[in-house]
Amino acid sequence: MSKKTIGWILVVIGLFMLFKMVRVSSFGFYRFGRVSTSAIVLVLLILSAIAVVVNKNKITMGCLIGSLTLLVLSLILGTELYFAYTSLVDILLVLVPVVVGIGLIIKGSFHKKSAAY
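The sections below set out a description of the structure shown in this document. (Residues numbered from 1 in each chain as written. Predicted model: local features only at pLDDT ≥ 70, side-chain atom pairs only at ≥ 80, totals over all residues. Heavy atoms only, no water.)

**Considerations on the side chain of Ser74**
Its place among the elements puts Ser74 in helix 3 (residues 58-77). Owing to a relative accessible area of 5%, Ser74 belongs among the buried residues under this scheme. Leaving out residues up to four positions away in the same chain, Ser74 has contacts with Gly28, Phe29, Tyr30, Thr37 and Val41. (Helix = DSSP H or I, 4+ residues; strand = E, 2+ residues; numbered from the N terminus. Buried < 20%, exposed > 50% of the residue type's maximum accessible area, 1.4 Å probe, protein only. Contact = heavy atoms within 4.5 Å.)

Structural data, given as structure tokens:
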């Protein structure tokens, strides 16, 4: 296996362990003050989908992709995440593979391959 492959494996393992430490306390649409953005985003999504059906071109497809992006962004911003209480050893067991993996990916990306002829 190459250094780059081992690096990717370490990064995936480290991020998996990091994501297991995160807890979600609530999930929903982002609230701007007292107003929820769910109605605004869903209306934009429906209107852009109708526009794509009526007249499919680059502008209407861009509006549809933009409204889908706003929907995902609104859901991400509305999610409340927190880290579970852990020890420093657990945090180091998560961060060390990620840092070493990123280092191996960078080293493997810039490594010059020698010809074996």
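**Section: the environment of Ala49**
Within the secondary structure layout, Ala49 lies in helix 2 (residues 38-54). Taking the C-alpha atoms as reference points, Ala49 and Ser67, separated by 18 residues in sequence, lie 9.3 Å from one another.

**Remarks on helix 4 (residues 88-110)**
Over its 23 residues, helix 4 extends 33 Å from the first C-alpha to the last, a length consistent with the 33 Å expected when each residue adds 1.5 Å. Those residues of helix 4 that sit buried are Val94, Pro97, Val98, Gly101 and Ile105. Contact partners of the buried residues in helix 4: helix 1 (3-21). (Expected span 1.5 Å × (residues − 1).)

**Overview of the packing of helix 1 against helix 4**
Interaxial distance between helix 1 and helix 4 falls to 7 Å at its minimum, and their mutual angle equals 155°. As summarised for this structure, helix 1 and helix 4 are arranged roughly antiparallel, according to the angle between their axes. As for the relative orientation of helix 1 and helix 4, their crossing is left-handed in sense. The residues of helix 4 that touch helix 1, namely those facing Lys3, Lys4, Ile6, Gly7, Trp8, Leu10, Val11, Gly14, Leu15, Met17, Leu18 and Met21, are Ile91, Leu93, Val94, Pro97, Val98, Val100, Gly101, Ile102, Leu104, Ile105, Lys107 and Ser109. Looking at the contact of helix 1 with helix 4 residue by residue, the class counts come to 17 nonpolar, four polar and three charged. (Axes fitted to C-alpha atoms, helices over the stretch in contact; angles between N-to-C directions. Parallel < 35°, antiparallel > 145°, perpendicular 65-115°, else oblique. Left-handed = near helix turned anticlockwise from the far one by under 90°. Nonpolar A, V, L, I, M, F, W, Y, C, P; charged D, E, K, R; others polar.)

**A short note on the side chain of Thr79**
Tracing the sequence through the fold places Thr79 in the loop between helix 3 and strand 4 (80-83). A polar contact of 2.7 Å, which involves the side chain of Thr79, links it to the backbone oxygen of Leu75. (Polar contact = N/O pair within 3.5 Å; in protein donor to acceptor, adjacent residues only side chain to side chain.)

**Some details on helix 2**
With 17 residues, helix 2 extends 24 Å from end C-alpha to end C-alpha; this agrees with the ideal 24 Å at 1.5 Å per step. Burial in helix 2 covers these residues: Ser38, Val41, Leu45, Ser48 and Val52. Along helix 2, the residues classed as buried sweep out an arc of 110° about the axis, all on the same side. Turned more than 90 degrees from where helix 2 packs its buried face, Ile46, Leu47, Val53 and Val54 sit exposed. (Arc of directions from axis to C-beta.)

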